[in-house]
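Results of the structural survey
So you can see what is in the structure, the chains are spelled out below.
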Amino acid sequence: MATNNQTALITGATSGIGYELAKLFAQDGFRLVIVSRNEATLQQVAEDFKQLGSPQVTTIIKDLTQLGAAEEVYQETKRQGITVNVLVNDAGVGEYGFFHEVDFSKDLEIIQLNIITFVHLTKLYLRDMLAANEGRVLQLASIASHQPTPRLAVYAASKAFVLSLTDALIHELKDTNVTMTALLPGATDTDFFRKANMEHTKAAQEDPYDPAMVAKTGYDALMKGENHAVAGAMMKAQVVLSNMLPNELVSTMAEKYMLPAD
Ligand SMILES: NC(=O)c1ccc[n+]([C@@H]2O[C@H](COP(=O)([O-])OP(=O)(O)OC[C@H]3O[C@@H](n4cnc5c(N)ncnc54)[C@H](OP(=O)(O)O)[C@@H]3O)[C@@H](O)[C@H]2O)c1
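Criteria and thresholds
Residues numbered from 1 in each chain as written. Predicted model: local features only at pLDDT ≥ 70, side-chain atom pairs only at ≥ 80, totals over all residues. Heavy atoms only, no water. UniProt positions renumbered as here; feature names shortened; annotations may be inferred. Salt bridge = Lys/Arg side-chain N within 4 Å of Asp/Glu carboxyl O. Helix = DSSP H or I, 4+ residues; strand = E, 2+ residues; numbered from the N terminus. Buried < 20%, exposed > 50% of the residue type's maximum accessible area, 1.4 Å probe, protein only. Near = heavy atom within 4 Å. Areas by Shrake-Rupley, 256 points an atom, 1.4 Å probe, with all protein chains shown as cover. Nonpolar A, V, L, I, M, F, W, Y, C, P; charged D, E, K, R; others polar. Pairing = 2+ DSSP bridges. Contact = heavy atoms within 4.5 Å. Axes fitted to C-alpha atoms, helices over the stretch in contact; angles between N-to-C directions. 1 Å grid on protein atoms, 1.4 Å probe; cavity = no way out; pocket = protein on both sides within 12 Å on 5 of 7 lines; lining within 4 Å. Points joined across faces, edges and corners; volume = space filled by probe spheres on them. Patch = residues over 30% accessible without salt bridge, like charges linked within 9 Å, V, L, I, M, F, W, Y side chains within 5 Å. Right-handed = clockwise from strand over helix to strand, strands pointing away. Core = buried A, V, L, I, M, F, W, Y, C linked by side-chain atoms within 4.5 Å. Phe/Tyr/Trp six-rings, centres within 6.5 Å; stacked < 30°, edge-to-face > 60°.

If you look the protein chain up in an unreviewed UniProt entry, it shows as SDR family oxidoreductase from Rhabdobacter roseus. Under the UniProt heading Sequence similarities (unreviewed entry), the note attached to the protein chain is "Belongs to the short-chain dehydrogenases/reductases (SDR) family."

This is the structure in structure tokens:
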């Protein structure tokens, strides 16, 4: 893909995997639209991306858990005359704890961000990409997409939704020049665990993956138009196992990583 005048819109580009992805787009000369909640952080990382080679970085301050947020982001890019050639749905949150103990407001936040806004942003920008018959979409799924996960149940279910929708859309897009790629990280060393109140777990403490490595795996797969990207041999093996074993066993396996690290 020639990147002259190409624009990538990345949600969650201020931290973790999204930040590392945005760096790769910047290095390849993409213009960027970055979306998250914190104005100061957005301004700060926008400077990083310009230094790395992005000719233009547009910041949109938006809480993507709010109803209508996706439409507002879309209208803002329209208003500024920006054509989005690549959409990266990265922003996502989780919450640790037994389902019956976690506040419903937290469940709603996860569902609103990881599912509702994800669906709406995908729909809005995909329509324009299909009209132009060109574009790429990267969807942040997870190893949890394949693993019903006790103590992280709503999050894992939201990521199963992300993967299921993405796989169906990959099929719908097969005769077009628009591609969609799901990135399925395993536990990755970002701020995710602190925000989800699960820093004490084995998942957070037992050698999580480097976000730069995870982002590079996703970026390369996106640019090749591949369907799925899984970083690390261990995670590839877990995907195969999770697809073979009954969900009861997969959940038992997944729960081990949710226990406190010794
Ligand atoms: N880390 C892992 O182990 C792991 C594994 C598999 C999949 N993933 C997925 O990877 C994606 C990125 O996560 P990460 O690990 O990089 O987490 P992170 O470091 O916590 O980054 C999350 C990003 O999303 C933004 N964000 C969060 N809530 C938002 C909201 N309501 N509105 C707008 N932006 C919001 C954050 O910015 P602000 O807070 O400033 O708004 C931040 O830029 C997520 O979809 C996550 O589910 C992570």
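Moving on from the model shown.
1. With respect to the pattern of salt bridges
Side chains bearing opposite charge may pair, as long as their charged atoms lie close to each other. In total, this model carries 11 salt bridges according to the counting rule given. Where K23 meets E20, a salt bridge forms, and the shortest distance between an N and an O atom there is 3.2 Å. On the criterion of helical spacing, the pair formed by K23 and E20 is a turn pair, its members being 3 residues apart in helix α1 (residues 16-27). The class for K23 is partly exposed, based on a relative accessible area of 22%. Linking K195 and D191 is a salt bridge whose minimum nitrogen-to-oxygen distance equals 3.8 Å. Salt bridges sharing common partners tie together D191, R194 and K195.

2. As for the site of the ligand
Around the ligand sit 32 residues, and of these T14, S15, D90, Y155 and T190 come closest. Protein chains shield 96% of the accessible area of the ligand, which is 890 Å² for the free molecule. Counting residues per element, the ones that place at least two in the shell around the ligand are α1, α5 (153-172) and α6 (192-195). With 3 residues, the single largest contributor to the shell around the ligand is α6. Grouping the constituent residues of the shell around the ligand by class yields 13 nonpolar, 12 polar and 7 charged.

3. With respect to the sheet that holds strand β2 (residues 31-36)
The 7 strands are arranged β3-β2-β1-β4-β5-β6-β7 in an open sheet whose pairing can be described as parallel. In this open sheet, the two strands that pair with only one neighbour each are β3 (57-61) and β7 (228-229). Bridge count for β2 against β3 is 5 bridges, and the pairing is parallel. Note on β3: the bridge partner recorded for L32 is V57. Contacts from helix α3 (residues 69-79) reach β1 (7-11), β2 and β3, with the element oriented near 145 degrees to β3. The strands that α5 touches are β5 (135-140), β6 (178-183) and β7; relative to β6, the one it contacts most, it runs at about 155 degrees.

4. Digging into empty space enclosed by the protein
Per the stated rule, a full pass over the model turns up 2 cavities of 30 Å³ or more. Here the largest cavity is characterised by a volume of approximately 90 Å³. Surrounding the largest cavity, 13 residues form its lining, T11, N89, A91, L113 and F118 being those nearest its centre. For the lining of the largest cavity, the secondary-structure elements that each account for two or more residues are α4 (104-132), β5 and α5. For the lining of the largest cavity, the per-class residue count stands at 7 nonpolar, 5 polar and 1 charged.

5. Structural notes on the side chain of T122
Here T122 is to be found in helix α4. Every residue in contact with T122, bar those within four places of it in the chain, is listed here: L87, N89, Q139, L169 and M180.

6. Remarks on a nonpolar patch on the surface
On the surface, L67, I111 and I116 cluster together into a nonpolar patch covering about 280 Å² of accessible area. Topologically, I111 is positioned in helix α4. Its relative accessible area of 31% is what places I111 among the partly exposed residues.

7. Points about the pairing of strand β4 (residues 86-89)
Neither face of β4 is open: one carries V86 and V88, the other L87 and N89, and all of them are buried. Of the strand pairs in this sheet, β1 and β4 are connected by 3 bridges, and their pairing is parallel. In the sheet register, L9 faces β4, and the bridge partner there is L87. Once you follow β4 into α4 and on to β5, the crossover reads as right-handed.

8. Observations concerning the nonpolar core
One broad rule of soluble globular proteins: the nonpolar side chains tend to lie buried together. Ranked by size, the top nonpolar core spans 40 residues in total, and within it I10, L21, F25, L32, I34 and F49 carry the most contacts. Element by element, the count of residues in this core is highest for α1, at 6 residues. When neighbours within four sequence positions are excluded, I10 is seen to be in contact with G18, A22, F25, L32, V33, I34, V35 and V88. In this structure, L64, V73, V93 and V154 belong to the second largest nonpolar core, which totals 27 residues.

9. Quick look at the packing of aromatic side chains
All told, the structure shown has 7 aromatic pairs when counted by the stated rule. Both rings, one in F25 and one in F30, keep their centres 5.0 Å apart while their planes meet at 85 degrees; by these two values the pair is edge-to-face. One exposure class covers both F25 and F30, and it is buried. Seen in terms of ring centroids, F25 and Y219 are 4.8 Å apart; in terms of plane orientation they differ by 85 degrees. Their pairing is edge-to-face. Taken as a pair, F25 in helix α1 and Y219 in helix α8 (residues 211-224) lie far apart in primary sequence, 194 residues in all. Through a chain of ring-to-ring contacts, the aromatic side chains of F25, F30 and Y219 assemble into a single cluster.

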